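# Structural characterization, general
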Amino acid sequence: MARRCELTGKDVMTGNNVSHAKNRSRRRFLPNLCNVSLMSDTLGETYKLRISAHALRSVEHRGGLDAFLAKAVEAELSPKARLLKTEIKRRQVAA
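Summarised in this report is the structure supplied together with it.

Procedures and definitions
- Residues numbered from 1 in each chain as written.
- Predicted model: local features only at pLDDT ≥ 70, side-chain atom pairs only at ≥ 80, totals over all residues.
- Heavy atoms only, no water.
- Salt bridge = Lys/Arg side-chain N within 4 Å of Asp/Glu carboxyl O.
- Buried < 20%, exposed > 50% of the residue type's maximum accessible area, 1.4 Å probe, protein only.
- Helix = DSSP H or I, 4+ residues; strand = E, 2+ residues; numbered from the N terminus.

### Focus on the pattern of salt bridges
A side chain with one charge may pair with a side chain of the opposite charge, provided their charged atoms come close. Enumeration over the complete set of coordinates arrives at four salt bridges. For Asp-11, the salt bridge identified is with Arg-4, shortest N-O distance 3.3 Å. Look at Asp-11 and you get partly exposed, because its relative accessible area is 34%. For Arg-4, a relative accessible area of 43% gives the class partly exposed. Among the ionic pairs, Glu-87 bridges to Arg-91, the shortest N-O distance being 3.6 Å. Residue Glu-87 and its partner Arg-91 are both found in helix H3 (residues 79-94); the two are separated by four residues, about one turn of the helix. Accessibility expressed as a relative area gives 26% for Glu-87, which makes it partly exposed. Relative accessible area serves as the criterion here: at 39%, Arg-91 is assigned to the partly exposed category. When salt bridges that share partners are traced, they join Glu-87, Arg-90 and Arg-91 into one network.

Here it is, written out as structure tokens:
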């Protein structure tokens, strides 16, 4: 399973550990991923996603999963989130 947020695309970054003597060794910065269940108001179901803590705050700030996905860029979303976004759009147009 990739260490990547399903909603924002936040991924592993690399950099250096720098000692006091300025010795540099490579390291990895891992995203703070959380397994959460988010409720879709339009679909009336909960979906399990692996998202970053920053994305979780953004979802709550925008007013829920449906509002977040409406503004989200398709290139950053995982395939599971893309399917969810299209299903939400389809239901909202039908209603």
